[in-house]
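Summary of the model geometry
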Amino acid sequence: MFVRWKKFLAFVYLTKTKKGRFIAEGDTVTYKVILVDRVDDLSDLLCDEHHTLDIRIDMDESFNYEKYEEDVVTKLKNGEISWKYGIWTKTKDDEEYRKIYPDS
């Protein structure tokens, strides 16, 4: 599973399990990516149905989420990584969470 992510990231390394999960971390030029394995070694009850992809972006006043969103979606598509949806967190208190989809 982690081998496919090398297409997505400029740098990938696999860490030891953290709380029962394998974690792959990597960096692009502009953001950090953390991939959490769906399998939990501590218990089958703690396993998830899917892997989790967490993207960390340092924001400033000129933050343009559309640029990052387009980059992430393109990299997932070019890396042939299937996904159902993504959720952008709020950048301000008065905003809502936004869901994005592969074909949006």
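In what follows, the accompanying structure is described.

Cut-offs applied
Residues numbered from 1 in each chain as written. Predicted model: local features only at pLDDT ≥ 70, side-chain atom pairs only at ≥ 80, totals over all residues. Heavy atoms only, no water. Helix = DSSP H or I, 4+ residues; strand = E, 2+ residues; numbered from the N terminus. Buried < 20%, exposed > 50% of the residue type's maximum accessible area, 1.4 Å probe, protein only. Contact = heavy atoms within 4.5 Å. Salt bridge = Lys/Arg side-chain N within 4 Å of Asp/Glu carboxyl O. Phe/Tyr/Trp six-rings, centres within 6.5 Å; stacked < 30°, edge-to-face > 60°.

1. Some points on the overall build of the protein
Of regular secondary structure, the protein possesses 1 helix and 6 strands. Traced from its N-terminal end to its C-terminal end, the protein shows the element sequence β-β-β-β-α-β-β. Counting only residues that meet the buried cut, the protein has 28% of its 104 residues in that class. Considering only contacts within the protein whose residues lie at least 6 apart along the sequence, 28% involve residues at least 24 apart.

2. Details of the pattern of salt bridges
Taken as a whole and assessed by the stated rule, the structure comprises 4 salt bridges. Among the salt bridges present, the one from Lys32 reaches Glu25, with a minimum N-O distance of 3.3 Å. Residue Lys32 is classed as partly exposed on the basis of its relative accessible area of 31%. The exposure class assigned to Glu25 is buried, which follows from its relative accessible area of 8%. The closest approach of N and O atoms between Glu69 and Arg98, which form a salt bridge, is 2.3 Å. Note that Glu69 is positioned in helix α1 (residues 65-78) and Arg98 in strand β6 (residues 98-100), a separation of 29 residues in sequence. On the basis of relative accessibility, which here comes to 16%, the residue Glu69 falls in the buried class.

3. A look at the packing of aromatic side chains
Summed over all chains, the structure comprises 1 aromatic pair. Relative to Tyr68, the ring of Tyr31 lies with its centre 6.3 Å away and its plane at 70°, an arrangement referred to as edge-to-face. One end of the pair, Tyr31, is in the loop between β2 (21-27) and β3 (32-36); the other, Tyr68, is in helix α1, and 37 residues separate them in sequence. Of the two residues examined, Tyr31 and Tyr68, each falls in the buried class.

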